[in-house]
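This is what each chain is made of:
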Amino acid sequence: MAELLEALGHWPGALWLQRSGTAYLFVNAAHILGIGLLLGAILPLDLRLARLIRSAPLAMLAPFLIRVAACGLALAVLTGAWLFTVKPVEYAGNPAFLWKLGLLALAFANIALQHRGAAMERAVATERLPRRVRGHALASAGLWLAVLVAGRWIGFV
């Protein structure tokens, strides 16, 4: 495993980020943009699904917010993986990074459970929000905020 991590740190994309402050700046900014898109879309959707916001129709909001959140998630994951290659051995031993990975795994599992079956689709179409959908929405909001905090914690450990 240590050999793989070392090799990642010598990948041309990693070397470019290590040697160019400008490249690192833009990849890091793209990572923050991805996080912003993800949280900016998923939190309002989760709050609406949890019935903490009631004014906006789900049939109009959900498809758009889900697509924005998915784009933000893809950008954050891709750029986050790239940023990891700058110091892979150090990050692999960082407790905050390991917490972030665990929380990310839980957040991905929650997405899979929320979108498994037809409950979510029915909730969006009918505005009837079963406990299961509301529970997954609350878990989603909490998990994504926890991932954000864990990500910020990495630099302080």
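Not measured: the values here are computed from a predicted model. (Residues numbered from 1 in each chain as written. Predicted model: local features only at pLDDT ≥ 70, side-chain atom pairs only at ≥ 80, totals over all residues. Heavy atoms only, no water.)

## Quick word on the pattern of salt bridges
Which entries qualify depends on this criterion: The salt bridge criterion pairs a side-chain nitrogen of Lys or Arg with a carboxyl oxygen of Asp or Glu, the two atoms within 4 Å. Every helix listed is a DSSP run of H or I at least four residues long, and every strand listed is a run of E at least two residues long, numbered separately from the N terminus. Each residue is assigned to one of three classes by its accessible area relative to the maximum for its type, calculated with a 1.4 Å probe on protein chains only: buried under 20%, partly exposed between the two thresholds, exposed over 50%.
Per the stated rule, a full pass over the model turns up one salt bridge. For Glu 127, the salt bridge goes to Arg 48, with nearest N and O atoms at 2.3 Å. Of the two residues, Glu 127 sits in the loop between α7 (119–126) and α8 (131–153) while Arg 48 sits in helix α3 (residues 21–49), which places them 79 residues apart along the sequence. Relative accessible area serves as the criterion here: at 31%, Glu 127 is assigned to the partly exposed category.

## What to know about the UniProt feature "transmembrane region" (unreviewed entry) in the protein chain
Our working rule: UniProt positions are given in the numbering used here, feature names are shortened, and annotations may be inferred rather than shown by experiment.
Here the UniProt feature "transmembrane region" (unreviewed entry) sits at residues 23–43, 64–84, 96–113 and 133–154. In this annotation, residues 96–113 is assigned 100% helix and 0% strand; the end-to-end C-alpha distance for the span is 25 Å.

## Digging into the packing of helix α2 (residues 12–19) against α3
The angle between the axes and the distance between the axes are what describe a pair of packed helices. Just so we agree on the cut-off: Convention adopted: a line fitted to C-alpha atoms gives each axis, helices being fitted over their contacting stretch, and angles between N-to-C directions are expressed from 0 to 180 degrees. Any angle that falls under 35 degrees is termed roughly parallel, while one over 145 is termed roughly antiparallel, one within 65 to 115 roughly perpendicular, and all others oblique. Residues are treated as being in contact if the distance between any of their heavy atoms lies within 4.5 Å. Following the grouping adopted for this structure description, the nonpolar residues are Ala, Val, Leu, Ile, Met, Phe, Trp, Tyr, Cys and Pro, the charged ones are Asp, Glu, Lys and Arg, and the polar ones are all others, Gly among them.
Where α2 contacts α3, the axes come no closer than 5 Å and their chain directions differ by 110°. Considered as vectors, α2 and α3 are oriented roughly perpendicular to each other. When α2 is examined against α3, the residues Trp 16, Leu 17 and Arg 19 are found in contact with a partner set consisting of Gly 21, Ala 23, Tyr 24 and Val 27. Each residue belonging to the contact of α2 with α3 can be placed in one class, and the counts come to five nonpolar, one polar and one charged.

## Topic: unusual backbone geometry
Residues other than glycine seldom take positive phi values, yet Arg 51 does so here, at roughly 70°. Within the fold, Arg 51 resides in the loop between α3 and α4 (58–84). Among the residues examined, Arg 51 registers a relative accessible area of 32% and is labelled partly exposed. One non-glycine residue with positive phi stands out, namely Glu 127, at about 70°.

## Examining the packing of aromatic side chains
Just so we agree on the cut-off: Centre distance within 6.5 Å is the pairing criterion for rings of Phe, Tyr and Trp, where only the six-membered ring of Trp is used; planes under 30 degrees apart are then read as stacked, over 60 as edge-to-face, and the remainder as tilted.
With the rule as written, the count across this model stands at six aromatic pairs. In this structure an aromatic cluster arises from ring pairing among Trp 11, Trp 16 and Trp 82.

## Quick word on α4
The α-helix winds at 3.6 residues per turn, so residues separated by three or four positions along the chain end up facing the same way. Quick reminder of the rule: Between the first and last residue of a helix there are one fewer steps than residues, each counted as 1.5 Å, and that sum is the expected span.
With 27 residues, α4 extends 36 Å between its outermost C-alpha atoms, agreeing within 8% with the 39 Å of an ideal straight helix rising 1.5 Å per residue. The set of residues buried in α4 consists of Leu 58, Ala 62, Leu 65, Ala 69, Gly 72, Leu 73, Ala 76, Thr 79, Leu 83 and Phe 84.

## Notes on the side chain of Thr 85
Definition in use: Under the rule applied, a polar contact is a pair of N or O atoms within 3.5 Å (in protein, one hydrogen donor and one hydrogen acceptor; residues adjacent in sequence only if both atoms are side-chain atoms).
Mapped onto the secondary structure, Thr 85 falls in the loop between α4 and α5 (88–92). Using a relative accessible area of 5% as the deciding quantity, one classes Thr 85 as buried. Here the side chain of Thr 85 touches Trp 82 through a polar contact of 2.6 Å, landing on its backbone oxygen. Excluding residues that lie within four positions of it along the chain, Thr 85 makes contacts with Leu 8, Gly 9, Trp 11, Ala 14 and Gln 18.

## Some remarks on α8
Compared with the 33 Å implied by 1.5 Å per residue over 23 residues, the 32 Å span of α8 between its first and last C-alpha is a close match. Within α8, burial applies to Val 133, His 136, Ala 137, Ser 140, Ala 141, Leu 143, Trp 144, Val 147 and Ala 150.

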